[in-house]
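As a plain string of letters, each chain reads:
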Amino acid sequence: MAKSVLAATLAWWIAQDLLHAKSPAFAPFSAVLTMNVTIQRSVWQTLRYIAAVVLGVAVQAAIGFTAGPDLFAFVVVAAIALALGQWSALGEQRSQIGTAAFFAFSTYAAATTNDDRALQLGQIILLVGIGCGIGLIVNLTLAPPLRYRSAEQGLHILAAEMESLLDDMADGLGSGDIDAERAEQWRAAGERAQFAVGQARAGLDAAENSLPFNPRRLLPKHRGYLTFSRYRQSLEALERAVYQLASLTRSLSRWQDTEDTYSYAPVLEAYAHFAGTLRDIAHVVAELDSDTLAEQADEMCGLANTAQEALQKVLAAARDQDLPLANASRPYGVLVVEATRLMEEFQNTCDVLQDTADE
């Protein structure tokens, strides 16, 4: 907000006090419009905005100097400008074509001679260029946003959702409390985790997009954060794990619905212990910090070994209890398969972070 105020004030001062423009508001409006969360996005939005304004003014100039500033001319200008406003290449700035055309028509109608009209239309483009330039300069030089922590924060939120779900699953499976209400709670928690995947991906994209054109990335203290491959690979592994968790919760719900005769308490207890080991890994990811990544990666690898041992106990319990894994009408085969896949994705996450921490 402070940067926007500064950019708008500078643009207004130049337009009003130095150029004595008749429509000085174009400059501060343009300056504020270029402000964005990343320099790269600011540059692209600025280019699209300027293109939209030039198109709008050009439409008005072509029709105005041909038909004059009457109502019929306005109808034609509005129709053409709004039609051009459907051009997807300009993104969210395409609506500015119509806005620029309408303001240009007002300015054109207020002028008395063709020379004055041409001057005023050209001044609109000049003011927009000045405003955009000032906005970019302020955004570039005054604490340009470098959002590398967004990548970590996205993983934190996702891992925290997974940790909460796994913790409750470990408690429910260990105690045998898998009623319909609790199964529904697990499904809802799985949906929240899937939503958190989108948030994490948006945070990672914001982090990556904050680097281009950003001078702060050249500073020594930021050079260690200029690659996000480890976060992307970890996110992809956790995303797959989230979908495995969703399938697992559906299978457990099915177990609750169909298994009222058979009891496989040792298997469920082993499964509870396995879920608890995965929860411990998710807890470390939820507190991930690039400054202490090496230590955290070592801790995760140790926890992954514990989880692998817990998975083997699940498989052993399934064999000892003669679990009907091949019966497609029963949920046990799916439970075992999902446990194996979950372990693969958590192990993959640990390996990625360990490899990048050693670089």
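Details of the structure are given in the entry above.
We now turn to the structure provided with this report.

Calculation notes
- Residues numbered from 1 in each chain as written.
- Predicted model: local features only at pLDDT ≥ 70, side-chain atom pairs only at ≥ 80, totals over all residues.
- Heavy atoms only, no water.
- Helix = DSSP H or I, 4+ residues; strand = E, 2+ residues; numbered from the N terminus.
- Expected span 1.5 Å × (residues − 1).
- Phe/Tyr/Trp six-rings, centres within 6.5 Å; stacked < 30°, edge-to-face > 60°.
- Buried < 20%, exposed > 50% of the residue type's maximum accessible area, 1.4 Å probe, protein only.
- Lys NZ or Arg CZ within 6 Å of the ring centre and 35° of its normal.
- 1 Å grid on protein atoms, 1.4 Å probe; cavity = no way out; pocket = protein on both sides within 12 Å on 5 of 7 lines; lining within 4 Å.
- Points joined across faces, edges and corners; volume = space filled by probe spheres on them.
- Nonpolar A, V, L, I, M, F, W, Y, C, P; charged D, E, K, R; others polar.
- Salt bridge = Lys/Arg side-chain N within 4 Å of Asp/Glu carboxyl O.

## A few points about helix 3 (residues 39–67)
A turn of α-helix holds 3.6 residues, and therefore any two residues three or four places apart point the same way. Over its 29 residues, helix 3 runs 42 Å from end to end, which matches the ideal 42 Å to within 8%, given 1.5 Å per residue. Positioned one or two residues after helix 3, Gly68 has a phi angle of 85 degrees, which is positive.

## A few points about the packing of aromatic side chains
Summed over the entire model, instances satisfying the criterion amount to six aromatic pairs. With a centroid separation of 6.4 Å and 65 degrees between ring planes, the pair formed by Phe29 and Tyr49 is classed as edge-to-face. Of this pair, Phe29 sits in helix 2 (residues 26–34) while Tyr49 sits in helix 3, and the two are 20 residues apart along the sequence. Accessibility expressed as a relative area gives 42% for Phe29, which makes it partly exposed. Between the aromatic rings of Phe65 and Tyr108, the centroid separation amounts to 5.2 Å while the plane-to-plane angle is 90 degrees, which identifies the pairing as edge-to-face. Note that Phe65 is positioned in helix 3 and Tyr108 in helix 5 (residues 96–110), a separation of 43 residues in sequence. The partly exposed category is assigned to Phe65, whose relative accessible area is 38%. Overall, the relative accessible area of 1% leaves Tyr108 in the buried class. Through a chain of ring-to-ring contacts, the aromatic side chains of Phe74, Phe102 and Phe105 assemble into a single cluster. The ring of Tyr108 has Arg117 lying over it, and the distance from NZ or CZ to the ring centre is 4.7 Å.

## Considerations on the layout of surface pockets
Approximately 170 Å³ is the volume found for the largest pocket. Ser23, Ala25, Phe26, Phe29, Tyr49, Val53, Gln96, Thr99, Ala100, Phe103 and Thr107 together form the lining of the largest pocket. By residue number, the principal contributor to the lining of the largest pocket is helix 5, which donates five residues. A class-by-class count of the residues in the lining of the largest pocket yields seven nonpolar, four polar and no charged.

## Thoughts on unusual backbone geometry
Positioned with a positive phi, His20 is a non-glycine residue whose angle comes to about 50 degrees. Examined against the element boundaries, His20 turns out to sit in the loop between helix 1 (2–18) and helix 2. The exposed category is assigned to His20, whose relative accessible area is 61%.

## So, the pattern of salt bridges
The full count for this structure, using the stated rule, is eight salt bridges. Between Arg201 and Glu239 there is a salt bridge, with its nearest N and O atoms 2.4 Å apart. Remark: Glu239 occurs in helix 9 (residues 229–258) and Arg201 occurs in helix 8 (residues 180–209); sequence separation between them is 38 residues. Note that Asp280 and Arg279 form a salt bridge whose closest N and O atoms lie 3.4 Å from each other. Residue classification places Arg279 among the partly exposed positions, given a relative accessible area of 23%. Put simply, Asp167, Arg279 and Asp280 are held in one network by salt bridges that share partners.

## As for helix 5
The end-to-end C-alpha separation of helix 5 is 21 Å, in line with the 21 Å expected for 15 residues at 1.5 Å each. Residues of helix 5 that are buried include every one of Gln96, Ile97, Gly98, Ala100, Ala101, Ala104, Phe105, Thr107 and Tyr108, and no others.

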